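This is what each chain is made of:
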Amino acid sequence: MNILSFETVAEVADYAAKEIMNAIKGFTPTPEKPYLVLGLPTGSTPIPVYERLIRAYQNEEISFKNVMTFNMDEYIGLTPDHPQSYHYFMQENLFKYVDIPPKNIHIPDGMANNIPAFCLSYEQAIKDAGGIDIQLAGIGENGHLAFNEPDTTFNTPTHEQALTQSTIEANSRFFDKIEDVPTKAITIGLKTIFEARRIIVLATGSKKVEAIHLSTKGPISVKCPASMLQNHSNVEFVCDKKALER
Ligand code: PGA
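Residues numbered from 1 in each chain as written. Predicted model: local features only at pLDDT ≥ 70, side-chain atom pairs only at ≥ 80, totals over all residues. Heavy atoms only, no water.

Draft legend 1. Broad picture of the sheet that holds strand E10 (residues 235-240). In space, the seven strands of this open sheet follow the order E1-E10-E9-E6-E2-E3-E5, with parallel pairing throughout. Strand pairing shows two members of the sheet lacking a second neighbour, strand E1 (2-6) and strand E5 (105-106), which therefore form its edges. With five bridges joining them, strand E9 (residues 198-203) and E10 adopt parallel strand pairing. Across the sheet, the residue bridging to Val201 is Phe237, located in E10. (Pairing = 2+ DSSP bridges. Helix = DSSP H or I, 4+ residues; strand = E, 2+ residues; numbered from the N terminus.)

Draft legend 2. Looking closely at the site of the ligand. Around the ligand, the structure places Gly43, Ser44, Thr45, Gly138, Ile139, Gly140, His144, Arg173 and Lys208. In the environment of the ligand, an oxygen atom lies 2.7 Å from a nitrogen or oxygen atom belonging to the side chain of His144. A distance of 2.6 Å is found between an oxygen atom of the ligand and a side-chain nitrogen or oxygen belonging to Lys208. Taking 280 Å² as the accessible area of the ligand by itself, protein coverage stands at 81%. Each residue belonging to the shell around the ligand can be placed in one class, and the counts come to one nonpolar, six polar and two charged. (Near = heavy atom within 4 Å. Polar contact = N/O pair within 3.5 Å; in protein donor to acceptor, adjacent residues only side chain to side chain. Areas by Shrake-Rupley, 256 points an atom, 1.4 Å probe, with all protein chains shown as cover. Nonpolar A, V, L, I, M, F, W, Y, C, P; charged D, E, K, R; others polar.)

Draft legend 3. Local environment of the sheet that holds strand E4 (residues 73-75). Judged by pairing direction, the sheet is antiparallel, and its three strands sit side by side in the order E4-E8-E7 without closing on themselves. The open sheet has two edge strands, E4 and strand E7 (159-162), and neither has a second partner. Neighbour-to-neighbour, the strand axes of the sheet open up by a mean angle of 30°, direction not taken into account. Where E4 and strand E8 (residues 184-187) come together, three bridges link them in antiparallel fashion. Residue pairing for E8: Asp73 is matched across the bridge by Thr187. (Axes fitted to C-alpha atoms, helices over the stretch in contact; angles between N-to-C directions.)

Draft legend 4. Representation of unusual backbone geometry within the structure. Despite not being glycine, Ala146 shows a phi value in the positive range, around 50°. In this structure, Ala146 sits in the loop between strand E6 (134-137) and E7. Phi angles above zero are rare outside glycine, and Asp151 is one such case at about 85°. Tracing the sequence through the fold places Asp151 in the loop between E6 and E7. For Asp151, a relative accessible area of 47% puts it in the partly exposed group. (Buried < 20%, exposed > 50% of the residue type's maximum accessible area, 1.4 Å probe, protein only.)

What follows is the structure, encoded as structure tokens:
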């Protein structure tokens, strides 16, 4: 596991965006593997990375024509046009500005009638795409990855997840009132994340200190889901100083 320390949020984003841009530039589609597959997060932390990817597209440095994406999660019960849905977030923060073919975008359907069947189909779609090449991730204050909350077992695939009070409180800043925050989500599983070939975890700000400490130096435990990454062969925690200073 690599822990990278940068002075500023901007440098964290520069690094992560450059790694993704290099992967896009270096990718040659073949009939067997037509797309570079990115796993993408929502949240505040990745926004500066998306800004840099948009700028690179606008400067004609990269194209998303050969990119396929799988988002990590979505709230259950929010329609894609709900301003707090992750469908909406992704449109507003990345997709509407770049040339990714709409058919290559995958985001869990929080309005699916049959959630277990949807979860199976999402997992299968990732497999059919040949797996995730680069999984970009944020990390929760409680060490969650996507919505895999503490006590989620490491071998879970995409599934329905009840959100913990800590996550509901952290995310309530985006809603008018805490009662409006959905209490359930569809999330890719810890197994899905672990199967990615390369994982880049972003952490900025002092609120992430404990999560980063436990994930990288604590015991590997379901109490801190991101600690499972200690066993992954290609993972980087890309942090600013504040997320590392205890
Ligand atoms: P944040 O969320 O980037 O908004 O801090 C990260 C997460 O909860 O996974």
